[in-house]
Every structure is written in structure tokens, then in C-alpha cells.
Amino acid sequence: MSDVPAVIAEVLSTSRAVPAAAVLTLLWLVESIQPRDVYLSWRLGHAVRNLALAVINGAVLFFTLGFVSTVLSKSVVEHRIGLLNWLHLPTIAQLIAGCFVLDGWTYFWHRGNHWFPFLWRFHRVHHSDAEMDVTTSARFHVGELAMAAIFRMPVIVALGLSPETLVVHETILLAVSQFHHSNISLGRFDSVLRLLIVTPTMHRIHHSRNVLETNSNYSSILSLWDRLFGSHRNVNQDSAIRLGLDEFQDDHWQTISGMLKTPFANVATQEKPTGTPTAES
């Protein structure tokens, strides 16, 4: 790629930590001044644990699967492999189409993390946070992220996704994820905004301890995927929702060590229903 999309992607690729840190800091301040829910634990300690897990993940994956994904992406572009390279679309159209398809793939990957018991073991690290805020967006087990990177590689090849597309999508995904995990209230504007993207109210119900509510609202950026595939659940802005997982509410599961051990813990867990996870309500 060349021209404007490539320039944007190059800037983001060299400084992705800057917009991520800026969005996180802004939302953290808003949460501190006017939180939607007032939690009981020490916010700074909660944030340090979640962000430390993110640092561990980055250190492990950046020079391994992250590097492999970039090399693979450059290779498919250079050798004109994949659908988007065969269609000879304008660069901006390739970028938009690539980000759109990746968002759809992220929806199905997320849904799979709830349907398949082995994947759920790792994904429950994210759901075990009972006091969700902007730092929860960084709370993932390295095993889940590694598997996501591996399963995304065939998509990169099939579509011929460029490194620029991967960078732009990941940057948008991180920003929107930080936004919809944040402990803020948008009032009536939330119901309007979630017609387009995932909002805090829409995503909050996904972190409910009620398994039928947990198995809904899987979208990451665009909210349309849940509506298209029957997993959308409406929720009132003021609805009372208990967050987290009952089986991982003890303090030791909230430590860095506890989060890393969570996938390997044989604890009683809620049975995940099969079939259609939710009905529109």
C-alpha cells in the first residue's frame, strides 16, 4: 500500500502505544470523576494487575506470533495472494474491506470462545473481573491471544490482508474495546451510538454472571454482527447487572498469578448452553 492509508498505518505501527495510552488515560479520568458504578476495591491496584497482564502478553507475543503475522501479511501482498489482492481494489477500499471482515472474524472468534469449553477456559480470565472498567479491556490470558493470532493467519492468507490493514484494525479494535469496557454512562446517547458501534451499556451485559446474558452481545467494533446472527440482547441503561464469575470471585483469582492459572483450574463452572444463546429482549 501507498498513499494516505499507508501513511496512517505507518504512524500507528510505530506508536500504537501512544493512542492506546491516551484513550485509556482519558477514560480512566472520566471513570474517576463520574463512574457509572462505584466499586469497593482499590482502583489503582485493580488497574495495575490488569495492565501488568497486558504487559506480559505483549512481551511474549510481540516478537513471536506478532512478528510471524506481520511477515505473513507482507508475503501475501508481495506475491499477490488472497481475494483483496486479486480484486485490484483501490487501497482505501482494501483497507475498509479488510477491517470490516476482520471485525466479523473477531465476532465469530469471540462467540467460539464461549461455545467451546477449551477456549472458554482461557476466555474466563477476561470474564472473571467483577469490577469492570477500562483496564478490563487489557485483561486477557496470553493463551487466548496466542490462539487468536494463530487462527487469524488463514484469514490473512485467504483475504490477502496487508500489514497496514492489520495495524489499523488492531488500533481501532483496542480503542473501541477500551471504550465499551469503561465504567461510564452515556445516558440516552448510548442507545443511539450502539446502533453503530458497541457501547458500555451494550457490552456490560455480556459480562453478567447470568449465563444467558453472558452468551450475548459478542461484537467488538460494529454492533451489527449481533443483530445479523441473532445474539443481540437489549439492556436498559439502569439495569442492575452482577459482573464476573461466581467460581472465580475469590481474591487470589484476581492476582496476576491467579489469572495466569485460571485456564488450568478445575473448578465448578456454569454450563454453557448450546444452540441459540439468546433471544432479543
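Structural data are supplied above this passage.
Structural notes, computed from the coordinates.

**Considering the overall build of the protein**
Right, on to step 1. The helix and strand inventory of the protein stands at 14 helices and zero strands.
Right, on to step 2. Ordered by position from N to C terminus, the α and β elements of the protein give α-α-α-α-α-α-α-α-α-α-α-α-α-α.
Right, on to step 3. Expressed as a percentage of its 281 residues, the buried residues of the protein come to 51%.
Right, on to step 4. In the protein, the proportion of contacts linking residues at least 24 apart, taken out of those at least 6 apart, comes to 75%.

**Comments concerning empty space enclosed by the protein**
Right, on to step 1. Applying the stated criterion to the full structure yields two cavities of 30 Å³ or more.
Right, on to step 2. Roughly 70 Å³ of volume is contained in the largest cavity.
Right, on to step 3. Looking at the lining of the largest cavity element by element, the count peaks at three residues for helix H11 (residues 200–204).
Right, on to step 4. Per-class residue counts for the lining of the largest cavity are five nonpolar, four polar and three charged.
Right, on to step 5. Roughly 30 Å³ of volume is contained in the second largest cavity.
Right, on to step 6. Around the second largest cavity, the lining residues are Tyr39, Ser41, Arg43, His46, Glu131 and Asp133.

**Quick look at the packing of helix H6 (residues 91–115) against helix H9 (residues 163–181)**
Right, on to step 1. Between H6 and H9, whose axes approach to 9 Å, the crossing angle comes to 55°. Classed by the angle they form, the pair H6 and H9 counts as oblique. For the pair H6 and H9, the crossing hand works out as right-handed. Facing H6, whose interface residues are Gln94, Leu95, Gly98, Cys99, Leu102, Asp103 and Thr106, H9 presents Glu164, Thr165, Leu166, Val168 and His169.
Right, on to step 2. The residue inventory of the contact of H6 with H9, partitioned by class, reads five nonpolar, five polar and two charged.

**Side note on the packing of helix H4 (residues 65–78) against helix H8 (residues 142–159)**
Describing two packed helices takes the angle between their axes plus the distance from one axis to the other.
Right, on to step 1. Axis separation between H4 and H8 bottoms out at 10 Å; the angle between their running directions is 0°. As far as their axial angle goes, H8 and H4 are roughly parallel. Two secondary-structure elements touch here, H4 through Leu65, Val68, Ser69, Leu72, Ser73 and Val76 and H8 through Ala146, Ala149, Ile150, Arg152, Met153, Ile156 and Val157.
Right, on to step 2. Across the contact of H4 with H8, the residue classes tally to 10 nonpolar, two polar and one charged.

**Examining the side chain of Gln254**
Right, on to step 1. Within the secondary structure, Gln254 sits in the loop between helix H13 (224–228) and helix H14 (256–261).
Right, on to step 2. Classification of Gln254 as buried rests on a relative accessible area of 13%.
Right, on to step 3. In this structure the side chain of Gln254 is engaged in a polar contact, spanning 3.1 Å, whose partner is the backbone oxygen of Ser128.
Right, on to step 4. One polar contact links the side chain of Gln254 to the main-chain carbonyl oxygen of Phe248, over a distance of 3.0 Å.
Right, on to step 5. Dropping the residues within four chain positions of it, Gln254 is found in contact with Arg49, Ser128, Asp129, Arg139, Phe248 and Met259.

**A closer look at the side chain of His207**
Right, on to step 1. Checked against the element boundaries, His207 lands in the loop between H11 and helix H12 (211–214).
Right, on to step 2. Within the structure, His207 has its side chain in polar contact with the side chain of His181 (distance 3.4 Å).
Right, on to step 3. Not counting the four nearest positions on each side in its chain, His207 is found in contact with His126, His127, Met132, Thr136, His181, Arg242, Leu243 and Gly244.

**Comments concerning the layout of surface pockets**
Right, on to step 1. Volume-wise, the second largest pocket comes out at about 200 Å³.
Right, on to step 2. Residue lining of the second largest pocket: Ser41, His46, Arg49, Ser128, Asp129, Ala130, Glu131, Phe248, Gln249, Asp251 and Gln254, and that is the complete set.

**A short note on the nonpolar core**
Right, on to step 1. Membership of the largest hydrophobic core comes to 14 residues, with the highest contact counts inside it found for Trp109, Val155 and Leu161.
Right, on to step 2. Only H6, helix H7 (117–127) and H8 provide two or more residues apiece to this core.
Right, on to step 3. The leading source of residues in this core is H8, at five residues.
Right, on to step 4. If you look at the next biggest cluster of nonpolar residues, it comprises seven residues, including Leu27, Phe179, Ile184 and Ile197.

**Notes on the packing of aromatic side chains**
Within a pair of aromatic rings, the relevant descriptors are the distance that separates the centres and the angle that separates the planes.
Right, on to step 1. Across all of its chains, the model carries 11 aromatic pairs by this definition.
Right, on to step 2. Considering the side-chain rings of Phe62 and Phe63, the 4.8 Å spacing of their centres and the 85° angle between planes classify their relative orientation as edge-to-face.
Right, on to step 3. The exposure class of Phe62 is exposed, given its relative accessible area of 51%.
Right, on to step 4. On the basis of an interplanar angle of 80° and a centroid distance of 5.0 Å, the ring pair of Tyr107 and Phe108 is categorised as edge-to-face.
Right, on to step 5. Phe108 gets classed as partly exposed once you look at its relative accessible area, which sits at 42%.
Right, on to step 6. Taken together, the ring pairs connect Tyr107, Phe108, Tyr218 and Phe229 into an aromatic cluster.
Right, on to step 7. Stacked on the ring of Trp28, the Lys or Arg Arg43 has its end atom at 3.8 Å from the ring centre.

Criteria and thresholds
- Residues numbered from 1 in each chain as written.
- Predicted model: local features only at pLDDT ≥ 70, side-chain atom pairs only at ≥ 80, totals over all residues.
- Heavy atoms only, no water.
- Helix = DSSP H or I, 4+ residues; strand = E, 2+ residues; numbered from the N terminus.
- Buried < 20%, exposed > 50% of the residue type's maximum accessible area, 1.4 Å probe, protein only.
- Contact = heavy atoms within 4.5 Å.
- 1 Å grid on protein atoms, 1.4 Å probe; cavity = no way out; pocket = protein on both sides within 12 Å on 5 of 7 lines; lining within 4 Å.
- Points joined across faces, edges and corners; volume = space filled by probe spheres on them.
- Nonpolar A, V, L, I, M, F, W, Y, C, P; charged D, E, K, R; others polar.
- Axes fitted to C-alpha atoms, helices over the stretch in contact; angles between N-to-C directions.
- Parallel < 35°, antiparallel > 145°, perpendicular 65-115°, else oblique.
- Left-handed = near helix turned anticlockwise from the far one by under 90°.
- Polar contact = N/O pair within 3.5 Å; in protein donor to acceptor, adjacent residues only side chain to side chain.
- Core = buried A, V, L, I, M, F, W, Y, C linked by side-chain atoms within 4.5 Å.
- Phe/Tyr/Trp six-rings, centres within 6.5 Å; stacked < 30°, edge-to-face > 60°.
- Lys NZ or Arg CZ within 6 Å of the ring centre and 35° of its normal.

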